[in-house]
Amino acid sequence: MGFWHSLTGRLFKLVFGGYVLLAISVTVVQLMLEYVSTREQVATDLHSLGQSFKDSVTGALWELDRPLIHTMAQGIAQSSMVTGVKIVADQETLSLVGKIPARLPLEPEGLWAPFQFHVVELDKATPKGARHLGRLTIYADRSVVLERVKHSFFVILINSLIKTTGLWVIFYLVISKGLSRPLSRLTEVVSRIEFAAESSEPIPLDYPHQDELGRLMMAMDILQKRLQESHRQLQRANRELESRVEERTRELAELLEFNQQILLDSPLPMGVYADTGQCLLVNQAYAQLVGATRELLLAQNFRHILSWQSSGLLDDCLAALAHQTPRQREVHVVTSFGKAVWLDMRILPAHFQGAWHLLIQIIDLSERKRAEEQLQQAIKEARTAARTKSEFLAMMSHEIRTPMNAILGLTGLVRETRLDDTQQDYLRKIHAASKDLLRILNDILDYSKIEANRIEMEQVVFTLDQVFRDVTALQEAHLGPRGLSLHMEIDPEARMNVVGDPLRLTQVLNNLVGNAIKFTGQGAIRVKAEKLRQNGAEVLLAFTVSDTGIGIAAELLPQLFQPFAQADSSISRRYGGTGLGLAICQRLVDAMGGDISVQSTPGKGSTFRFTVLVDDAGSLPRPVAQATSPSRLANRLFEPATLLLVEDHPLNQQVAREYLIRMGLQVEIANHGGEALEAVRQRHFAAVLMDLHMPVMDGIEASRRMRQMPGLADLPIIATTAAVMPEDRARCLSVGIHDFVGKPMEPEALKAALARWLPLREKAGGMEDVITPQAWWIAEGWPGFELASVLARLKEPALLAEMLAAWEPELALLEAQLFDLWHQGVWQEVGELLHRLKGVAGNFGATLLAQAAGELEHELKADAPAPEPMLERLRHAITLTRATLRHQHPRLVAIIPLATAENRSDPSELAQILVQLRPLLLEYEAIPTLLVERLKSWEHHPQWGGQVRALRQQMEQYACDAASVTLESLLGSLP
């Protein structure tokens, strides 16, 4: 055996080779550390160099001395470690010296970066703070570091070579002398037992010495015997393991066969597919579900099934295999065998025999889907039935309301004629019964709309005073005959402008108050409103209606708000009613964001309490429509105009015609839509009242055709119809109908609808209505005046004479003040005086003066220079008005004693003034000057003068609520 093939030679090569590698590694590490240290030193030197030149370069840069800057850059570049210098100011390079890299990274790129650099920010301290001037960048390339490391490299390399050579010699001597000979002997002994473990008998080991090698030989002998015993045990264990593996394989095969049989016998359709798509196993339930046999299914590959491709099942299977995650999908498919089924497919990936498979489980949804389709069909049929019911209700509404309109209208008109007491009583009862019938009809229609979620809630500005007045006006007629009293109370905090649905709120209150009156034999009905809380613009109002009536038993309270239910079956026989009122109240209160409850004690009375949500009108960012108050239309007529009434029912024609004539309008009648179209072609009408249901041509079609006729795009068309369902209104709006008036037609509702489209004027009687023997002086003519309308409002010729006599001096003073301010150019004060003059002149009937003042005021508000003719027209109007007053002054003075002697002693005159003031205070409206002057004439009365003065002062301070209280107190004290 050669030396290099011996254990000693191989150990020498192994150790020496390892040491050489170690020596090289240590050398490399030392060189790297030296390189890193040198780079750090270069970086430190660059920083020090940059800081030493920072102030000098900053100063040169501040002075913008380019030569000096370049000289400094060259000076810096003289350093042995600097290879380049760059000075930049405001993106402009002022100096470049040496080698500068084309692109400089924001951060150093590592130890082997070709360049090192240091950036010095050049800032100049100024009184306003530090100012950034530019940057100084100093560069050093890699050659600087390598030059410094070069000497250290040779020193480290020579040192490593010397150490390696010396260690090689020492190790060779130690190995060859100390280990080579004993290892040769040991190798010879060990080689003898190389195959001892596999031999049947142990190999004898003969070594006579008891040294370390002898002990090793003894150990080797023991090892040989143990190896042979272990070998025998291993062979025995292998035989036992083979037996167990064979038994386990047999058990697994039986289990697999059992599981396969379970899958085949399962009533749940299942199948197993390979990842290639081939069907491996499928049960009979699967085959029966899809209309095939197991053999046909086993021949399938799911990758080729068209229904799986079109339904997305193939995509789910491929995704389950790709991601090893379960998938599920409901699909409606027509199988490859022509059977249409709804399936719930559950796709479960499973790993078996080194490959992924898919277990498909199927749930048949066909029966459930058929049930769902039947349910949808039932819902559709129910909706059709509901729509049919709505159409039936709309039709019945029209059919019932058409004769009801005639009954109520003609009854009201007849009651205004001369009748004896018995006839009046009969007509009053007919009218009341018709109203009750209409209320029942409205209850049924309201409940139908609420049930179908078609109730519409308005959002308009109103006050609770307005709502309570409407409730009182409706219910007062029912109180008198029964000796009941109705007390209405509004908490001061609830007296505010709110936004909501006043009509629906009034409907709820009327229903509750009507019930209270119906079920109360004697005593009082109390209604109270209060504000519970306010959160931003949202306000919660609470209303309480209490009575002293028959009460309700506790066990009957839970069903009180159910439709068609009453507390006692005898109630409908004794008191009447549909049993819908409280159910409608509850639904309306819910729609207004509140709730309703009741407390009652039999024999003592009941208390209904409900809440509604409204908005504070003053807190809303946008304007809201104002609620229409009937009191604002009282004592007003329409400007002369002609209306077209389109109505097929003769009685309804008569009723509507009478109403319109009393409002000061002229009427032409068309019996159907065709006649209406011919009428609007021949002449102009201010508006059209259009019935919807008519023969020949209905109102919907007639309105649609009118909108297509030239010049009729803006003609107001108001539907007069008993059809009150939302879909009817939607159809009307779609053809251009502007507004609606329900049937039976109420005069106030008709007037309110017309007032939205036609101009109004103050009601003024003719001269024959206002000129009495005391007003003979008016008939002689007053240039510039129209006194008939003033006297119609004032109704006191003597008092009018008194005020006109006192106006001329005041007018003369106002004229001088007005033209003096005009010449001074104080336009704001001129405008205020013109506004005052316009109002006073209008109140006194000086129409010429009021018109001239109004025109000039309008010009000033528009910031337009008032034309001289307009100013002259005002001057002429003042002159004419003063001349007329001076000419009539003797007559006026003669009439004044009559006003003082006669009109200040009759309490009915003061009561008349207070009655005229009452609605104005409740509505917070402006008080006419004439009415104030009439009230002032009573301030010196010995009995009522103090209260009159207090009332006038409250009015001047706009304390309308307090003034209303004083007015009621004063009115109650009058005989």
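Procedures and definitions
Residues numbered from 1 in each chain as written. Predicted model: local features only at pLDDT ≥ 70, side-chain atom pairs only at ≥ 80, totals over all residues. Heavy atoms only, no water. Helix = DSSP H or I, 4+ residues; strand = E, 2+ residues; numbered from the N terminus. Buried < 20%, exposed > 50% of the residue type's maximum accessible area, 1.4 Å probe, protein only. Contact = heavy atoms within 4.5 Å. Areas by Shrake-Rupley, 256 points an atom, 1.4 Å probe, with all protein chains shown as cover. Core = buried A, V, L, I, M, F, W, Y, C linked by side-chain atoms within 4.5 Å. Pairing = 2+ DSSP bridges. Axes fitted to C-alpha atoms, helices over the stretch in contact; angles between N-to-C directions. Polar contact = N/O pair within 3.5 Å; in protein donor to acceptor, adjacent residues only side chain to side chain. pLDDT = per-residue confidence, 0-100. Patch = residues over 30% accessible without salt bridge, like charges linked within 9 Å, V, L, I, M, F, W, Y side chains within 5 Å. Salt bridge = Lys/Arg side-chain N within 4 Å of Asp/Glu carboxyl O. Parallel < 35°, antiparallel > 145°, perpendicular 65-115°, else oblique. Left-handed = near helix turned anticlockwise from the far one by under 90°. Nonpolar A, V, L, I, M, F, W, Y, C, P; charged D, E, K, R; others polar. Expected span 1.5 Å × (residues − 1). Phe/Tyr/Trp six-rings, centres within 6.5 Å; stacked < 30°, edge-to-face > 60°. Lys NZ or Arg CZ within 6 Å of the ring centre and 35° of its normal.

1. Observations concerning the overall build of the protein
When you go through the protein residue by residue, the secondary structure sums to 30 helices and 23 strands. Taking all 975 residues of the protein together, 41% fall into the buried category. Within the protein, residue pairs in contact and separated by at least 24 positions form 64% of the contacts whose partners lie at least 6 positions apart. Surface summary for the protein: the accessible area is close to 53600 Å², and the carbon and sulfur share equals 56%.

2. Some thoughts on the nonpolar core
In terms of nonpolar packing, the biggest core is built from 42 residues, with Leu 464, Leu 505, Leu 509, Leu 512, Phe 543 and Phe 610 touching the most fellow members. Contributing elements (two or more residues each) for this core: α11 (464–479), β11 (485–490), α12 (502–518), β13 (524–535), β14 (538–546), α14 (581–591), β15 (596–601) and β16 (605–616). A per-element tally of this core places α12 first, with seven residues. Membership of the second largest hydrophobic core comes to 36 residues, among which are Met 803, Leu 818, Leu 849 and Leu 871.

3. Describing the sheet that holds strand β18 (residues 642–646)
Pairing is parallel in the open sheet, where five strands are placed in the order β19-β18-β20-β21-β22. With one partner strand each, in any of the chains shown, β19 (666–670) and β22 (739–742) form the two edges of the open sheet. Between one strand and the next, the sheet's axes are offset by a mean angle of 25°, whatever the strand orientation. Contacts from helix α17 (residues 673–682) reach β18 and β19, with the element oriented near 160° to β18. In the packing of helix α18 (residues 699–708) onto the sheet, the strands contacted are β20 (687–690) and β21 (717–721), and the crossing angle to β20 comes to about 160°.

4. Description of the side chain of Thr 720
By secondary structure assignment, the location of Thr 720 is in strand β21. The exposure class of Thr 720 is buried, given its relative accessible area of 0%. Among the polar contacts listed, one links the side chain of Thr 720 to the backbone nitrogen of Asp 691, at a separation of 3.5 Å.

5. A word on the confidence of the model for the protein
Here the protein averages 76 in pLDDT, and 75% of its residues register 70 or above. Here residues 764–776 is a poorly scored stretch, pLDDT under 50, and it has 18 contacts once near neighbours within four places are set aside; other chains count. Counted against residues more than four places away or in other chains, residues 898–903, with its pLDDT under 50, gives 14 contacts.

6. Let's talk about the sheet that holds strand β5 (residues 270–274)
A sheet is described by the order of its strands in space; here five strands give the open sequence β6-β5-β9-β8-β7, paired in antiparallel fashion. Strand pairing shows two members of the sheet lacking a second neighbour, β6 (279–282) and β7 (327–334), which therefore form its edges. Direction aside, neighbouring strands of the sheet carry axes that sit 25° apart on average. Pairing geometry for β7 and strand β8 (residues 340–352), over eight bridges, is antiparallel. Residue pairing in the sheet places His 332 in a bridge with Trp 342 of β8.

7. Describing the environment of Arg 662
For Arg 662, the location among the structural elements is in helix α16 (residues 650–662). For Arg 662, a relative accessible area of 43% puts it in the partly exposed group. Between the C-alpha atom of Arg 662 and that of Leu 637, which follows or precedes it by 25 residues, the distance is 8.6 Å.

8. As for a nonpolar patch on the surface
A cluster of nonpolar side chains, contributed by Phe 153, Phe 154, Leu 157 and Leu 161, occupies part of the molecular surface with about 370 Å² of accessible area. Assignment of secondary structure puts Phe 154 in helix α3 (residues 142–190). The exposure class of Phe 154 is partly exposed, given its relative accessible area of 47%.

9. Quick look at the pairing of β5
Consecutive side chains along a regular strand alternate between the two faces of the sheet. Buried residues dominate β5, accounting for five of its five residues. Both faces of β5 are covered, namely the face carrying Met 270, Val 272 and Ala 274 and the face carrying Gly 271 and Tyr 273. Pairing of β5 with strand β9 (residues 355–364) involves five bridges; the strand directions are antiparallel. In the strand pairing of β9, Tyr 273 is matched with Leu 358. Both β5 and β6 contribute to a ladder of three bridges, which runs antiparallel. Note that in β6 the partner of Gly 271 across the bridge is Val 282. Linking β5 to β6, which pair antiparallel, is a turn of four residues; within it Gly 277 sits at a positive phi near 105°.

10. Focus: the packing of helix α27 (residues 907–922) against helix α30 (residues 960–973)
α30 packs onto α27 with a crossing angle of 155° between their chain directions and a minimal axis gap of 10 Å. Here α27 lies roughly antiparallel to α30, going by the angle between them. Crossing angle aside, the handedness with which α27 passes α30 is left-handed. Contacts from Ala 911, Leu 914, Leu 917, Arg 918, Leu 921 and Leu 922 of α27 reach α30 at Cys 960, Ala 963, Ser 964, Leu 967, Glu 968, Leu 970 and Leu 971. Class assignment for the residues of the contact of α27 with α30 results in 10 nonpolar, one polar and two charged.

11. Focus: α27
Taking 1.5 Å of rise per residue, 16 residues should cover 22 Å, and α27 covers 23 Å from first to last C-alpha, within 8% of that figure. Inspection of α27 places Glu 909, Leu 910, Ala 911, Ile 913, Leu 914, Leu 917, Leu 920 and Leu 921 among the buried residues, and these make up the whole buried set.

12. Thoughts on the packing of α27 against helix α29 (residues 945–956)
Viewed as axis vectors pointing N to C, α27 and α29 meet at an angle of 25°, and their least axial separation amounts to 13 Å. One finds that α27 runs roughly parallel with respect to α29. The two elements α27 and α29 meet at a crossing, and its hand is left-handed. Contact residues: Leu 910, Leu 914, Leu 917 and Leu 921 in α27; Val 948, Leu 951 and Met 955 in α29. In terms of residue class, the contact of α27 with α29 is made up of seven nonpolar, no polar and no charged.

13. Topic: the packing of aromatic side chains
A full pass over the atoms with the stated rule returns five aromatic pairs. Ring plane angle 85° and centroid distance 5.1 Å describe the contact between Trp 822 and Trp 827, whose orientation is recorded as edge-to-face. Judged by relative accessible area, Trp 822 falls into the buried class, the value being 13%. You can call Trp 827 partly exposed: its relative accessible area is 43%. An aromatic cluster is present here, built from Tyr 273, Phe 302 and Trp 308 joined pairwise through their rings. Above the plane of the ring of Trp 62 lies Lys 124, whose end atom (NZ or CZ) is 5.7 Å from the centre.

14. Topic: unusual backbone geometry
Here the phi dihedral of Leu 64 falls at roughly 55°; this positive angle occurs in a residue that is not glycine. Relative to the elements of secondary structure, Leu 64 occurs in the loop between α1 (7–63) and α2 (66–77).

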